[in-house]
Amino acid sequence: MLRQIEHYSNYILKNNEWEPAGIYADDGISGTNTKKREEFNRMIEDCMTGKIDMIITKSISRFARNTVDCLNYIRRLKDKNISVFFEKEGINSLDAKREVLLTIMASLA
C-alpha cells in the first residue's frame, strides 16, 4: 500500500494543474461493500462538501467492486461535477461516451 500512496502522491504532484486534497486508503478492506470503508466514505463526504473536485484511483475494482455502489457514487459525484479518473482503464467518469463502458467494467469488477 505504501508504494501506491507514493505513486499517487508523485502522480498528482507532477501535474501543475492539480492540488493534492489527500490520500484516502482503506488498507485491507474489501471493495464489495462501502459501509466499512471509512476512508472511502470520508473521501465521498469531502467531495460532497467541496473539498475535492477530482478523484484519481488505480482501477474500477479499487473504487468499488459492487456495480450498484460504483454507479451510484459515480452519478452522485457527476451531479456535483466531480470526476473520477480510473488510471488502469483510462476512463474519466465525466466523459459521457464512457458511461456504458464504465457500467460494463464495473459489473466485471
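Residues numbered from 1 in each chain as written. Predicted model: local features only at pLDDT ≥ 70, side-chain atom pairs only at ≥ 80, totals over all residues. Heavy atoms only, no water.

Participant: I keep staring at a positive patch on the surface and nothing clicks. Help me out?
Facilitator: Taken together, the side chains of Lys58, Arg62, Arg65 and Lys88 define a basic patch exposed on the protein surface. On the secondary structure map, Lys58 appears in the loop between strand E1 (54–57) and helix H3 (60–63). Judged by relative accessible area, which is 34%, Lys58 ranks as partly exposed. (Patch = residues over 30% accessible without salt bridge, like charges linked within 9 Å, V, L, I, M, F, W, Y side chains within 5 Å. Areas by Shrake-Rupley, 256 points an atom, 1.4 Å probe, with all protein chains shown as cover. Salt bridge = Lys/Arg side-chain N within 4 Å of Asp/Glu carboxyl O. Lys, Arg positive; Asp, Glu negative; His and termini not counted. Charge placed at Lys NZ, Arg CZ, Asp CG, Glu CD. Helix = DSSP H or I, 4+ residues; strand = E, 2+ residues; numbered from the N terminus. Buried < 20%, exposed > 50% of the residue type's maximum accessible area, 1.4 Å probe, protein only.)

Participant: Teacher, can you tell me more about the packing of helix H4 (residues 67–79) against helix H5 (residues 99–108) here?
Facilitator: Packed helices, taken two at a time, are described by the angle between their axes plus the distance between the axes. It is at 8 Å that the axes of H4 and H5 come closest, and there the two elements cross at 145 degrees. Here H4 and H5 pass one another in a crossing that is right-handed. Where H4 approaches H5, its residues Thr67, Cys70, Leu71, Ile74, Arg75 and Lys78 are matched on the opposing element by Glu99, Leu102, Thr103, Ala106 and Ser107. When grouped by side-chain class, the residues that make up the contact of H4 with H5 number 5 nonpolar, 3 polar and 3 charged. (Axes fitted to C-alpha atoms, helices over the stretch in contact; angles between N-to-C directions. Left-handed = near helix turned anticlockwise from the far one by under 90°. Contact = heavy atoms within 4.5 Å. Nonpolar A, V, L, I, M, F, W, Y, C, P; charged D, E, K, R; others polar.)

Participant: What is the right way to read the confidence of the model for the protein chain from this model?
Facilitator: Do not read the fine detail of predicted coordinates wherever pLDDT is low. On average, the protein chain scores 87 in pLDDT, and the residues at 70 or more come to 94%. In the model of the protein chain, H5 stands out as the element of lowest mean pLDDT, 74, in contrast to E1, which has the highest, 96. (pLDDT = per-residue confidence, 0-100.)

Participant: Help me understand unusual backbone geometry in this model?
Facilitator: Most peptide bonds take the trans configuration, and most residues that are not glycine carry a negative phi. Its identity is not glycine, yet Asn81 carries a phi of approximately 60 degrees, on the positive side. Positionally, Asn81 belongs in the loop between H4 and strand E2 (83–86). Under the relative-accessibility criterion, Asn81 is labelled exposed at 57%.

Participant: Sorry, what's going on with H4 here?
Facilitator: In an α-helix there are 3.6 residues to a turn, and that puts residues three or four apart on one side. An ideal rise of 1.5 Å per residue puts 18 Å on 13 residues; H4 measures up with 18 Å between its terminal C-alpha atoms. Within the sequence span of H4, burial applies to Asp69, Cys70, Leu71, Tyr73, Ile74 and Leu77. Structurally, H4 contributes buried residues whose contacts are with helix H2 (38–48), E1, H3, E2 and H5. Between the side-chain oxygen at the start of H4 and the backbone nitrogen of Val68 there is a gap of 2.9 Å, and the oxygen is on Asn66. Note on H4: the residue one or two positions beyond its end, Asn81, has a positive phi of about 60 degrees. (Expected span 1.5 Å × (residues − 1). Polar contact = N/O pair within 3.5 Å; in protein donor to acceptor, adjacent residues only side chain to side chain.)

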